[in-house]
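Chain by chain, the residues:
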Amino acid sequence: MPSKTNTPLATSVDVTNQSDDWTLFEVTVTNTLATALDAETCTLEVEADEAVIATFKSAWVTLEMEAIPSASGTTLTITLQAEDAPVFIDPGDTFVIGFDFETGDLTADDLTCTAWVDEGQGEIPGMDTPSTRGALSVGTDGRLKGEDDLDIQLLGISSHGYTWYGDFLNPHTMGQIPSVFNGNLVRVAMYTATDDNMGYLDFTDGGQDNLRDEIKARVQEAIDADLYVIIDWHLLYDFTYGFQPFPSRDFSGTVEMGPEEWKSHAIDFFQDMAETYQDTPNVLFEICNEPNYSTPENSPGSPLYTWEDMKETAEEIISAIRDTGAQNVILVGTPEWCQRLDQVIEAPISGQDNIMYALHFYAKEHLPEPGQHVFNMFLAAMAEGLPVFVTEFGTTMASGNGGVSQGDTEGWLSALNDNMVSYANWSLSNKAEDSAALATTAEADTWGEDDLSTSGETIAGLFKDKPSGSKLMQAV
């Protein structure tokens, strides 16, 4: 981590009231950082003649906070203390600190006012950011590395489907991820097909272009906040919705879009993203979220695709990305809701660098039996040195409901931490389901710690505590 420094904030000083024997000043402070800041980390320093400072009377702030003054010599220092919940100031927003002196002939020119963010603000305590660790790569040991070739672990949170809950991806949220969750990662989940025709492939060319622009805008907000960011091609049940991703089964006449057309869209999308972000250390590409399908003869959700079915298509998308010159880390989905790492172990992608394989789990379902096999496959992958990235996990059952299991979640995360495996929680939304990190009353532009759901409180605590010591193995 870099050495800590005080970061100045923009200020303007005004005399707002005055009499013969007192003067009231107001200092407008603007958050000029790229991320939201905790107002408790702000300090205002006022320099004036010692005779003026000696007449200081009181101070206040236009926030739900207490202004705490300290006057000595030629300096008045004002810090802020939250009355209850932390108060966050979004980038570009302002607040006012006021104070008065029992002197009646003062002007703004009699004072020098400086506001700053206390040491360490803007950094993620104990975490690594693109500005400190740079571009990512995958080592020969299967671990994610920083630009210094040392291990790095990313942890953070995934959006829900962008076209449904994309308003929760904004500059405010990007600042909250490090301050509330102690995270350095955000995942932008863009569904490719949905039952309400709100996926990328459901749109016309113009609609796809607009959605790409929105995704790029959200990625830029993550970059501005010094976060790593995953661009997620959120394949799920595309076949169910009329799209056939892989050529391994013949469903001629039963789908609206065949595998070659589907693949051409994926390649076009990721070539554009690769050309845009090939020199940006923040960005990772997730090329196929959960490659599942169901057929007319099977109930929806039958996980029939195998690694053999999808591997060739994945290799073509990877090659298209690499042809642009981009060496960004690429995350590849695995069969059966990204659980079948055992199939990948037998035949991993060869001839390509910086490739990792996605693992998904929902702690309450995939620790107890009958879900123990998911953890066992994870252990096998670790023993083989397979590069694994948990691009999605939940604290609940895989349905998103069934209550939160803190113990099972802690067990899983301790195993991931012990192996320096990165992870993102599902999901940053106020959806009415147990796995959502925010309460249903949370608002996209103002949410804070008080708006966390039970799941959100659980992951916020575990992300900060970083459990370790193979607690999961002890539990089973």
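Residues numbered from 1 in each chain as written. Predicted model: local features only at pLDDT ≥ 70, side-chain atom pairs only at ≥ 80, totals over all residues. Heavy atoms only, no water.

Asker: Explanation requested: the overall build of the protein chain in the structure shown.
Answerer: Counting its secondary structure elements, the protein chain contains 14 helices and 20 strands. Dimensions along the principal axes, computed over C-alpha positions, put the protein chain at roughly 90 × 55 × 40 Å. Across the 476 residues in the protein chain, those meeting the buried criterion constitute 56%. Counted over contacts in the protein chain with a minimum sequence separation of 6, partners at least 24 positions apart contribute 75%. Summed over all atoms, the accessible surface of the protein chain reaches about 18600 Å², with 44% contributed by carbon and sulfur. Positive and negative side-chain charges of the protein chain, numbering 19 and 80 respectively, have mean locations separated by a distance of 10 Å. (Helix = DSSP H or I, 4+ residues; strand = E, 2+ residues; numbered from the N terminus. Buried < 20%, exposed > 50% of the residue type's maximum accessible area, 1.4 Å probe, protein only. Contact = heavy atoms within 4.5 Å. Areas by Shrake-Rupley, 256 points an atom, 1.4 Å probe, with all protein chains shown as cover. Lys, Arg positive; Asp, Glu negative; His and termini not counted. Charge placed at Lys NZ, Arg CZ, Asp CG, Glu CD.)

Asker: What's the story with the layout of surface pockets in this structure? I'm lost.
Answerer: It is a probe the size of a water molecule, rolled over the atoms, that shows where empty space is left. Of the pockets and cavities examined, the largest pocket occupies roughly 640 Å³. Considering the residues around the largest pocket, the lining is formed by 30 residues, among which Leu236, Glu290, Trp337, Glu392 and Ala398 are closest to the centre. At the level of elements, β18 (355-362) and α10 (363-366) are the ones that each hand at least two residues to the lining of the largest pocket. For the lining of the largest pocket, the element with the most residues is β18, which contributes 3 residues. (1 Å grid on protein atoms, 1.4 Å probe; cavity = no way out; pocket = protein on both sides within 12 Å on 5 of 7 lines; lining within 4 Å. Points joined across faces, edges and corners; volume = space filled by probe spheres on them.)

Asker: Help me understand helix α13 (residues 454-465) in this model?
Answerer: The α-helix advances 3.6 residues per turn, and as a result positions three or four apart in sequence lie on the same side. The end-to-end C-alpha distance of α13, which contains 12 residues, comes to 17 Å, matching closely the 16 Å that a straight helix rising 1.5 Å per residue would cover. Buried within α13 are the following residues: Ser455, Gly456, Thr458, Ile459, Ala460, Leu462 and Phe463. Structurally, the start of α13 carries an N-cap: the backbone nitrogen of serine 455 is 3.3 Å from a side-chain oxygen of serine 453. Of the residues flanking the end of α13, it is lysine 466, one or two places downstream, whose phi is positive at about 50°. (Expected span 1.5 Å × (residues − 1). Polar contact = N/O pair within 3.5 Å; in protein donor to acceptor, adjacent residues only side chain to side chain.)

Asker: Is there a simple way to think about the nonpolar core in this case?
Answerer: The nonpolar side chains of a soluble globular protein tend to be buried, and buried together. In terms of nonpolar packing, the biggest core is built from 90 residues, with Phe181, Trp233, Phe285, Ile287 and Val332 touching the most fellow members. At 8 residues, helix α6 (residues 259-277) tops the list of elements feeding residues into this core. Formed by 34 residues, the second largest nonpolar core is a distinct cluster that contains Val46, Ala48, Phe95 and Ile97. (Core = buried A, V, L, I, M, F, W, Y, C linked by side-chain atoms within 4.5 Å.)

Asker: I'm lost on the pairing of strand β2 (residues 23-30) in this one. Help?
Answerer: Regular strands place their side chains on alternate faces of the sheet. Pairing analysis gives 8 bridges linking strand β1 (residues 7-18) to β2, with the strands arranged antiparallel. Each residue of the ladder has a partner; that of valine 13, found in β2, is valine 27. Taking the residues that link successive antiparallel strands as the turn, the β1-β2 hairpin has 4 residues. Of the pairings in the sheet, the one linking β2 to strand β9 (residues 94-101) comprises 8 bridges and is antiparallel in character. Looking across to β9, one finds that phenylalanine 25 is bridged to phenylalanine 99. (Pairing = 2+ DSSP bridges.)

Asker: What is the right way to read unusual backbone geometry from this model?
Answerer: Among all residues save glycine, negative phi is the norm, and among peptide bonds the norm is trans. With an omega of 10°, the peptide bond running from tryptophan 426 to serine 427 counts as cis. Among the structural elements, serine 427 can be located in strand β20 (residues 423-428). Even without being glycine, asparagine 197 reaches a positive phi, approximately 60°. Mapped onto the fold, asparagine 197 is located in the loop between β14 (185-191) and α5 (205-224). Classification of asparagine 197 by relative accessible area gives exposed; the value is 51%. Non-glycine residue glutamate 336 carries a positive phi angle of around 55°. With respect to the helices and strands, the residue glutamate 336 is situated in helix α8 (residues 335-338).

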